[in-house]
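# Structural features, examined
These are the residues of each chain, in order.
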Amino acid sequence: MSFKPLGVACVVVAACVYAITDVRSAAPRFYPDDPITVDDDRQVDVGEVDEVELDDYYDFLENSLGTPGDRSNIRALNVNTLDEVPDSSWFTNRIGRHEISLAELVRGPDRADVRLGADWTIVRGKNRGFHPGFRAIDRSDPSRTVYQLEVDPPRHPEMASGAEVIGTAFYHAFGYHTVEVYLAEIDPAALEISPEATIRDANGRRPFVRNDLDEILKNAARLPNGRIRVTAERFREGEDVGRFEYHGTRADDPNDIHPHEHRRELRGSRVFAAWLNHDDSRAVNTMVMRHVESGRGYLKYYMVDFGSLLGSATRFPNAAPSGREYTLAGRPSLLTLLSFGVYVRPWLRVPDPPAPSAVGRFSAEGFDPRTWVAEYPKAAFENMRADDAFWAARIVARFSNDAIRAIVAKGRYSDPAAAETLTAALIKRRDRIKEVWLTGINPIVNVTLSPQGELHFENAVLAYDVGGRPEGYTIRWSRFDNATDTHTAVGDDVMVTGTQASAPVALLTGADYVSVSIATRHPAFPAWRPVQVYFRRTATGWQTVGLDRRLDAS
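The following refers to the structure shown. The model shown is predicted, which means the values in this text are computed figures rather than measured ones.

## Brief notes about the environment of Gly 366
- With respect to the secondary-structure elements, Gly 366 resides in the loop between helix H8 (330-338) and helix H9 (379-382).
- For Gly 366, a relative accessible area of 63% corresponds to the exposed category.
- Distance in space between the C-alpha atoms of Gly 366 and Pro 346 is 9.5 Å, their sequence separation being 20 residues.

## Focus: the sheet that holds strand E10 (residues 296-303)
- With respect to topology, three strands assemble into an open sheet ordered E8-E9-E10, the strand pairing being antiparallel. Bordering the open sheet on either side are strand E8 (239-240) and E10, each of which pairs with just one other strand.
- Here E8 runs beside strand E9 (residues 286-293); their pairing, made up of two bridges, is antiparallel. Pairing of Glu 239 across the sheet is with Arg 290, part of E9.

## Observations concerning the pairing of strand E19 (residues 541-548)
- By the criterion of burial, E19 is predominantly enclosed, with six of the eight residues buried.
- Bridging between strand E18 (residues 531-538) and E19 involves seven bridges; their strand directions are antiparallel. Bridged to Arg 537 within E19 is Trp 542.
- The hairpin formed by E18 and E19 contains two residues between the paired strands.

## So, unusual backbone geometry
- A cis amide bond links Asp 34 with the next residue in sequence, Pro 35, at an omega value of -5 degrees.
- With respect to the element layout, Pro 35 can be found in the loop between helix H1 (7-25) and helix H2 (56-65).
- With phi around 65 degrees, Asp 83 is a residue other than glycine that occupies positive phi space.
- Relative to the helices and strands, Asp 83 is located in the loop between H2 and helix H3 (102-107).
- On the basis of relative accessible area, Asp 83 is assigned to the buried category, the value being 5%.
- Unusually for a residue other than glycine, Ser 294 sits at a positive phi of about 55 degrees.
- Following the sequence through the fold, Ser 294 ends up in the loop between E9 and E10.
- Looking at Ser 294, the relative accessible area reads 75%, which means it is exposed.

## Describing the pairing of strand E12 (residues 454-459)
- Only one face of E12 is covered, namely the face carrying Leu 455, Phe 457 and Asn 459; the face carrying Glu 454, His 456 and Glu 458 is uncovered.
- Bridging between strand E11 (residues 444-449) and E12 involves four bridges; their strand directions are antiparallel. By the bridge assignment, Thr 448 is partnered in E12 with His 456.
- From the end of E11 to the start of E12, which pair antiparallel, there are four residues, and Gly 453 there has a positive phi angle of about 90 degrees.
- Summarising the sheet, E12 and strand E16 (residues 500-502) pair through three bridges and their orientation is antiparallel. Considered in E16, the bridge of Leu 455 is made with Ala 501.

The rules behind the values
Residues numbered from 1 in each chain as written. Predicted model: local features only at pLDDT ≥ 70, side-chain atom pairs only at ≥ 80, totals over all residues. Heavy atoms only, no water. Helix = DSSP H or I, 4+ residues; strand = E, 2+ residues; numbered from the N terminus. Buried < 20%, exposed > 50% of the residue type's maximum accessible area, 1.4 Å probe, protein only. Pairing = 2+ DSSP bridges.

See below:
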C-alpha cells in the first residue's frame, strides 16, 4: 500500500487536455461518431497498480486550507457535443436518460436472489471508516461471499442503516457506480470469529479477538427481538486499489485523462449531495476497483458508504451545522469571535422540526441549494457552473413523489413516521432544487428537426412547472459549414409562442448541416442566453448532433 501524490499528474494531464481542445477547435466541430454516448475509457490496458491510500486527515486539511486542482471557469471536459455525460468507467446514464420502473429504482445495484441469514462468521475487521463493523460470511450461504457488516448507533436504531440503503439506491439511479448493500439481522449470540480473522490497528495487522467484537457490539442498537440490524455490503469482484479525489487524475490509470475537477458527474454531484444532505461526500467515501475483461485490465470508479447522509452522521445524528457550514468556517467563526457572540449564524435562527430518532437531523426548513456545503470544500464542487447544475437538476426532477417514497421505503423503518418525514423533506428539497437550478440557464432541451423541417423542442421549466411561463421564443436559422465552423444566416428571425417552428425551405436544400438559435423570452430571467442547436443530414432525415448553451465568453 502506498500514498501517491496526484498534483503533478493533474497539471500534466490538464495541459494535454487543453492542448487537445485547442487543436480540435481548428478542426471540424463535429466528427462522424458525434454525439458520443459511450466514452471508451478502457482502451489502454491497465496492468498491476498499487493501492492509492489517501489519508483522510490530509484530504481534509489539503482541501480546507488550500485550493488543490484547477479552478478555471471552463466547460466540463468530458461532456459530448449534446452537452451530456457519456457512459464511462465513472458513470452510467440511468434515470436521466430513460424511464426506470419503481422496482428497478428500489433494487438499485442489488441482486434479487440474495437472502441473508442471522448466523455469521467474522473473517476480518473493517479496513477504514468511522462506522463500527466487520467483514463476515453468512454461514447459510454456500457461496461463502464476504460482506462488510455495519451497525446502527444505540440511541438511533435504523438511522445509519436506513441512510446507507436509501443513499445507495439514489446514487445508483443518478448513474454512479455503487456496490450492493442489503439490510440484514444478525444474532449476536451466534456470531463466530474465524481463527484466521485479523484486524488492523495503530501497530499494524493482528488477530481479531473477542474484545474487538465486544467493542463493536457495545456501539450497536438492539432490536426488540435481541438481534442487531446491519447493512451488508457485498464486495465487488476485482481488486480494490484505493480511492479517488475530487481533483487531479490518477497517475497509474492512463485512461483517466480528464482532471476530476472538470468532470461533469463530479461537479454536478454537488446538486445530488445537497438534495440528500450528503455532506460526507469526499475521497474517503469513494472506491477504485481494477477489473479484468477479455484479458484487459481497467479501473472503475465508485461512490460508496452512504451511512452519513440524510439526517445521519453514522454514529450520531447530524450536527446543526451539517450542510450549512464548513467544518473550518473561517469568516463566520471570526465574526462570532469579534462580536463577542453577538453575531448569530443564519442557520441558528432556523429551528429543526422534531423528527423520529431513525431520521436524525434532516428537514427542508431553510434549505437553500445554492448555499449548501459539504464538510469541507472540493475543487469539483467549487467548479460547478450553471450548465453542470442544470444537468444534475434535470436528473433530480425526474424522481416523482412515488419514486421518492418507494426508495425511502427500502429503509424498512419500523416507525411509519420516519419514512413519512424523510419522504416529505426530500420532495420539498427536490422542488427547491428545481426552482433554483432549472432556471439558471436557458432551459431548452430535447430539440429535434423532422425530415420535413419541423422543429420541436421542450422547455424544462415548463416540463417541471417551475419559474412560470415564458412570453415566447426567438428562432434564428443558419446554414452551418462544419469544416470552417461558420454560420450563414437564412431567413429572418421568427417569434413563436409555442415550442415548435418550421425551418425555411431554402435552408434545407443542399445543406449537410443546419443550425438554429433558440432564445427564450422570460421576464423573470432576462439573462438567459440563446441555445445553439446543430443538425446533420442523414439518410433518414436530420440528426441532432450538437447543443451549445453558450455560457463561455467565446
